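# Examining the three-dimensional arrangement
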Amino acid sequence: MAEPVTAPRFRVWTYRDPAIVLGCSQRALHAEAAQRMPQGMDVLVRPSGGGAVLTGPWMVSASVALPLTHPWVRGRLPDSYRDLGQLHVEVLAALGVAGRALPESEVTVANAHLGPVVGWACYGSLAPWEVVDAAGRKLVGLAQRRQRTGVLLVAGTLATVPDWPLLCGALGHPDDVDGMQRRTVSCDVLADRPWDAALYARRLHAALERALGE
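Residues numbered from 1 in each chain as written. Predicted model: local features only at pLDDT ≥ 70, side-chain atom pairs only at ≥ 80, totals over all residues. Heavy atoms only, no water.

With 16 residues, helix α7 (residues 197–212) should reach 22 Å at 1.5 Å per residue; the first-to-last C-alpha distance of 22 Å fits that figure. When we look at burial in α7, the residues that qualify are A197, Y200, A201, L204, A207, L208 and L212. End-on, the buried residues of α7 take up no more than an arc of 130°, which puts them together on one face. Within α7, the exposed residues directed more than 90 degrees away from the buried face are R202 and R210. (Helix = DSSP H or I, 4+ residues; strand = E, 2+ residues; numbered from the N terminus. Expected span 1.5 Å × (residues − 1). Buried < 20%, exposed > 50% of the residue type's maximum accessible area, 1.4 Å probe, protein only. Arc of directions from axis to C-beta.)

With that out of the way, let us pick up the packing of aromatic side chains. Per the stated rule, a full pass over the model turns up 3 aromatic pairs. On the basis of an interplanar angle of 45° and a centroid distance of 6.3 Å, the ring pair of Y123 and W164 is categorised as tilted. Note that Y123 is positioned in the loop between α3 (107–113) and β7 (131–132) and W164 in helix α4 (residues 164–170), a separation of 41 residues in sequence. When the centroid spacing of 6.1 Å and the interplanar angle of 55° are considered together, the rings of W195 and Y200 count as tilted. Residue W195 is classed as buried on the basis of its relative accessible area, which comes to 11%. Stacked on the ring of Y123, the Lys or Arg K138 has its end atom at 5.1 Å from the ring centre. (Phe/Tyr/Trp six-rings, centres within 6.5 Å; stacked < 30°, edge-to-face > 60°. Lys NZ or Arg CZ within 6 Å of the ring centre and 35° of its normal.)

Shown next, in the form of structure tokens:
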């Protein structure tokens, strides 16, 4: 993103160790959260906004850098998530996990259905075209950063159940564990079997390659 994006580029990756990634508006929470984290675990601050994200072995992430003229991102900002969300739906379906990309028109009702949002956490509320299960629980979170050089889309799939007590404890909100568990779901739970995060990552990479032609 430091230079103009002239063609789509993407990466898909998994995580070895847990870490917390704060939005730039949460920078003031860094020192306190780092003190609460187990020794050796990182607390980072990203240059974009949004809530705290708990990365770790339970997550598969993807980032897609696109030119401003790319069809995925030429429309309204919320619409820029549609194609990436739907691509995740298709990859998950092929592996036996049913989900859907949540239309913008349904976000308010879907959030209310799940109870109070957890506003400080990225996975504590729903946004347009994020992937949810039949009960409306978040399975894939989406984010983006727009610059004059291009658009960066980011997705995170909950492959297995995250350590929500770790995140909530580090951010000083231990009472929000129930809310995070109520508002999210993971692939292994929906598939009712052990989930191969590496296989899913390979399938996601192949789908992005077909869609974007890298």
